[in-house]
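Each chain is listed here by its residues.
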Amino acid sequence: MRLYADSSKCSGCKACLLACAFSHFKENNIRKAALAIDPHFPSPGKYEVRVCTQCGECAKICPVEAIPQNDKGAYSIDPDLCIACDACIDACPERVIFKIPGRDQPFECDLCGECVDFCGMSVLSIAE
Amino acid sequence: MNGYAGTILRVNLTTGEIKKEPYDPQVARDFVGGRGLGIHTLWTEVPRGTDPLSPANKLIASTGPLSGLLVPGAGKMDWACKSPLTGGYAGASVGGHLTAELKYAGYDAIIFEGASAKPVYLFIEDDRVELRDASGLWGKGSITTEEMLKKRLGEEFQVATIGPGGENLVKYACITHDYGRQAGRGGVGAVMGWKKLKAVAVRGTQTIPVAQPDRFWELSHAMYRACKEASGLEAWQRYGTTIVTSWCDEVGALPTRNFQQGSFEQGPGLYGQVMRERIVITDKGCFGCPSPCGKYSYTKKHGVFVEGPEYETIALCGSNCALGDIEDVAYANYLCDELGIDTISAGNAIAFAMDCYERGILTARETGGLELRFGNAEATFTLIERIARREGLGDLLAEGVKVAAQRIGKGSADYAVQVKGMEQSGYETHNATAMLLAYMTADVGAHHNRAWAITYDLQVGRDRVAPDKVARVIELQHIRPLFDAMGACRLQWVELSIDVTSYAPMMAAITGIERSWEDLLKISERIWNLTRMYWVREVDGFGREWDYPPPRFYKEPATGGPTKGQLTTFESVQKLLDMYYEQRSWSKDGIPTPQKLAELGLDRIVG
């Protein structure tokens, strides 16, 4: 399973970022999310949504094998094992592993699905 | 303070001093935030009789407790000042992402005081707040300025800026954000320009605290789910505000040729369906919005990108100037945005000039050779530029139609479609008495946003003059501004029929203060009455006459369309006002009574 994004439908509202942050940290803070929206304005006028594709590059590069797959099949950083070397951040081809305020370990998508629920434009979906 | 960042930034542009002050919890409790904080600050801090374009006037950018939170449409910010257009209160709401970013940076509001000697912009990144040189940005358009600042600072910065219109003190200059969202009305951009403040750029990384996280999460889920399941969602997402263009044209509410009638023979070319197919390239939402009304477009004919046009711009720059090509309206929209002037007042002012020209009140000598006939798109574009740069006739129209008519004379005041000095927005009101009353009594002048009552007119009979219509206007005047105080958009309630009372438990979960929806409406009534008292305080002789509608609607019947031959008599106007003042417990001259002020707890403030 993985998260898919149809960027052509995105209106850039960031509800997905907030839902991600709140579901994980109980915080209203778009800087604590595991996906990203890149606006391209004024030209050509579109949004680009970046999500984790579960490619596994992060797990491959991790020097302490701290990124096992969870029960949904998502590569998920184990905070007890992670040494915060940030190698996974640099290795991620989608740039969706994040250094977030107030936390040493990087943060990535665990396929909780809250972003999908909150998106009003049906941009996001979880599928094989 | 849950739901609030807890800090207000006070920026003195004369001295360069920047202070961080705690948000007074009593003010937050009594006035909520947003426009509530705006009018409270104007009342308590800006001395009576202040010239709007002087260092004593203040410009207040204020978020609300919902702003930046996981609540549908929580992307609204209010900009308030003493209005250079009307001499009374100006409060302009803008969507986008600025309001959220300011709270993430740790601030609920910014109060700008004084005036800078040279152009500056305000840089905010969390605790770091600096006034920076903006001489390289001065003279640049709004879209260009935002692009330059984002290239310099980073895409995550949210920017609000003025264009040449604000720099040149056009009385209806706006403040632009996110490449096409505006705090549009009342000349907030002129006050920013007078202060030599070109822009604000902000980025924040902090969390906004809520009192009851679990309850908040549950309510948030329920509200978004209700929006996603709403029957009106799909159509609204596709067309946004332009969904009403065809409806207005059909029922006779689409202002046409300077509000002479409510239906436009070329109207179908401007409908939302046509626009979507011809020019829209993406939906563009404000913060946290599941139903984005923003439609971002590209016009091949003119080779520019523009957010919109949305309904108001289509009505005022389109049908009201008799422009029938949506691409021409999009280009007029782009010019107004880049130059930084309000499309509503600009479209109204140009239509006024066209009306005067066709009647021989203005001649080619005054128009600088412009053939200012209705439907002349090129002349419209040229006049927008001249207004923003204050050239020729544009310099006069930059003062607004009320002042322009006073200076032109020759009976032109009958064609100035304004209330309290503010140009009327996009609903033709020859025969729609609730909507007419809404325009007459709106707290900024002839603006629709305080009470969109036109649907009620259609529902109960448009020419009826009865207490229920007045009651509906007052009810709306409390609900809609409450959203502006809470810092969220009203359109999920208006267009998706989200239960408006569900905002009360949401407010309680966020702030920790249990209040019913009725309690919150009482606060809104407090804000409304204080705003009224501000007009009373600031405008000599303020009273009943200031609530009179534009003469056109009682003197001259509609010239065509479904309302052809109809008007609202002056007797009906007086009756509407009598009922309105009575229901509000105001005097016969429209002044809040001491009893009403005491009931609302305003006696302590008003004195």
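Residues numbered from 1 in each chain as written. Chains lettered and ligands numbered in written order. Predicted model: local features only at pLDDT ≥ 70, side-chain atom pairs only at ≥ 80, totals over all residues.

(A) Broad picture of the overall build of chain A. Scanning chain A for helices and strands turns up four helices and four strands. For 128 residues, the compact-globule estimate of 2.2 N^0.38 gives 14 Å, and chain A sits close to it at 14 Å. C-alpha atoms of chain A, sized along the principal axes, occupy 40 × 30 × 30 Å. Counting every position in chain A, which comprises 128 residues, the buried fraction comes to 42%. Pairs at least 24 apart in sequence give 57% of the contacts found in chain A among residues at least 6 apart. (Helix = DSSP H or I, 4+ residues; strand = E, 2+ residues; numbered from the N terminus. Rg over C-alpha atoms; globule rule 2.2 N^0.38 Å. Buried ≥ 20, exposed ≤ 12 C-beta atoms within 10 Å, placed from the backbone. Contact = placed C-beta atoms within 7 Å.)

(B) Up close: helix H11 (residues 311-318) of chain B. Residue and element names in this part refer to chain B. Of all the eight residues making up H11, eight are buried; the element is thus mostly covered by neighbouring parts of the structure. Within H11 the residues assigned to the buried category are Tyr311, Glu312, Thr313, Ile314, Ala315, Leu316, Cys317 and Gly318. Where H11 is buried, its residues contact helix H9 (243-251), helix H12 (326-339) and helix H13 (343-358).

(C) The confidence of the model for chain B, seen in detail. Chain-level pLDDT for chain B is 98 on average; 100% of the residues reach the 70-or-more range. Among the prediction metrics, the complex's ipTM stands at 0.97, with pTM recorded as 0.98. (pLDDT = per-residue confidence, 0-100.)

(D) Spotlight on the interface of chain A and chain B. Contacts between the two partners involve 23 residues from chain A and, on the opposite side, 34 residues from chain B. Ranked by the residues each element gives to the side of chain A that touches chain B, the list is headed by helix H1 (residues 15-25) of chain A, at four residues. Taken together, the residues of the side of chain A that touches chain B break down into eleven nonpolar, seven polar and five charged. (Nonpolar A, V, L, I, M, F, W, Y, C, P; charged D, E, K, R; others polar.)

(E) Up close: the sheet that holds strand S15 (residues 304-307) of chain B. Residues and elements named next belong to chain B. Reading across the sheet, the three strands line up as S13-S14-S15 and stay open at both edges, with antiparallel pairing between neighbours. Where the open sheet ends on each side, the last strands, each with one partner, are strand S13 (280-284) and S15. Here the strands of the sheet are splayed against their neighbours by 20 degrees on average, with no regard to which way each runs. Alignment of strand S14 (residues 294-299) against S15, held across four bridges, turns out to be antiparallel. Directly across from Tyr296, in S15, lies its bridge partner Glu307. Its contacts with the sheet place H12 against S14 and S15, and it is angled at close to 80 degrees to S15. (Pairing = 2+ DSSP bridges. Axes fitted to C-alpha atoms, helices over the stretch in contact; angles between N-to-C directions.)

(F) The pairing of strand S3 (residues 59-62) of chain B, seen in detail. Residues and elements named next belong to chain B. Neither face of S3 is left uncovered, since the one carrying Leu59 and Ala61 and the one carrying Ile60 and Ser62 both have all their residues buried. Note: S3 against strand S6 (residues 109-113), four bridges, orientation antiparallel. From the neighbouring strand, Ser62 faces S6, where its bridge partner is Ala109.

(G) Inspection of unusual backbone geometry at higher detail. Here Phe41 of chain A and Pro42 of chain A are connected by a cis peptide whose omega angle stands at 0 degrees. Along the chain, Pro42 of chain A falls in the loop between strand S2 (36-40) and strand S3 (46-50). In the segment running from Gly308 of chain B into Pro309 of chain B, the intervening peptide bond is cis, with an omega of -5 degrees. Position of Pro309 of chain B relative to the elements: it lies in the loop between S15 and H11. Of note, the phi angle at Glu65 of chain A is positive, near 50 degrees, even though the residue is not glycine. Since 10 C-beta atoms lie within 10 Å of it, Glu65 of chain A is described here as exposed. Residues other than glycine seldom take positive phi values, yet Leu111 of chain A does so here, at roughly 60 degrees. Relative to the elements of secondary structure, Leu111 of chain A occurs in the loop between helix H3 (87-91) and helix H4 (114-118).

(H) Examining the environment of Phe31 of chain B more closely. Residue and element names in this part refer to chain B. Considering the arrangement of structural elements, one finds Phe31 in helix H1 (residues 25-31). Judged by C-beta crowding, with 24 C-beta atoms within 10 Å, Phe31 ranks as buried. Through-space distance from the C-alpha of Phe31 to that of Met507 is 13 Å; in sequence the pair is 476 residues apart.

(I) How the structure looks around the domain arrangement of chain B. Residues and elements named next belong to chain B. Domain annotation for chain B reports domain 1 (7-203), domain 2 (237-423) and domain 3 (433-497 + 515-606). Between domain 2 and domain 3, the C-alpha centre-to-centre distance is 25 Å. Looking at the side of domain 2 that touches domain 3 residue by residue, the classes come out as twelve nonpolar, eight polar and three charged. (Domains from an automatic or database assignment.)

(J) How the structure looks around the environment of Ala398 of chain B. Residue and element names in this part refer to chain B. Following the sequence through the fold, Ala398 ends up in the loop between helix H15 (393-397) and helix H16 (401-408). Residue Ala398 is classed as buried on the basis of its 27 C-beta neighbours within 10 Å. Separated by 117 residues in the primary sequence, Ala398 and Arg515 place their C-alpha atoms 44 Å from one another. In contact with Ala398, not counting residues within four places along its chain, are Val170, Lys171, Ile387 and Arg390.

(K) Spatial organisation of the nonpolar core. Of all hydrophobic cores here, the largest spans 245 residues; its most connected members are Leu35 of chain A together with Val188 and Ala353 of chain B. Looking at this core, the element that brings in the most residues is H13 of chain B, giving ten residues. Setting aside residues no more than four positions away along its own chain, Val188 of chain B makes contact with Leu59, Trp79, Cys81, Ala90, Ala92, Cys174, Ile175 and Ala183 of chain B. (Core = buried A, V, L, I, M, F, W, Y, C linked by C-beta atoms within 7 Å.)

(L) Representation of the environment of Gly565 of chain B. Residue and element names in this part refer to chain B. Within the secondary structure, Gly565 is located in the loop between helix H23 (552-555) and helix H24 (570-584). C-beta crowding within 10 Å serves as the criterion here: with 10 such atoms nearby, Gly565 is assigned to the exposed category. Gly565 sits 304 residues away from Gln261 along the chain, and the two C-alpha atoms are 9.4 Å apart. Ignoring anything within four residues of it in the chain, the contact list for Gly565 reads Pro557 and Ala558.

(M) Quick look at the sheet that holds strand S8 (residues 128-133) of chain B. Residue and element names in this part refer to chain B. The strand order across the open sheet built from six strands is S8-S7-S12-S9-S10-S11, with neighbouring strands paired in mixed fashion. Looking along the sheet, the strands with just one partner apiece sit at the ends: S8 and strand S11 (181-183). Ignoring which end each strand starts from, the neighbouring axes of this sheet average 20 degrees apart. As defined by bridge partners, strand S9 (residues 158-161) adjoins strand S12 (residues 197-203) across four bridges and the pair is classed as antiparallel. Among the inter-strand pairings, Ala160 is bridged to a residue of S12, identified as Val200. On the sheet, helix H4 (residues 142-153) packs against S9, strand S10 (175-177) and S12 and is oriented at approximately 145 degrees with respect to S9.

(N) A look at the pairing of S2 of chain A. All names here are of chain A. As defined by bridge partners, S2 adjoins S3 across five bridges and the pair is classed as antiparallel. Across the sheet, Asp38 pairs through a bridge with Glu48, a residue of S3. The hairpin formed by S2 and S3 contains five residues between the paired strands, and Gly45 there has a positive phi angle of roughly 80 degrees.

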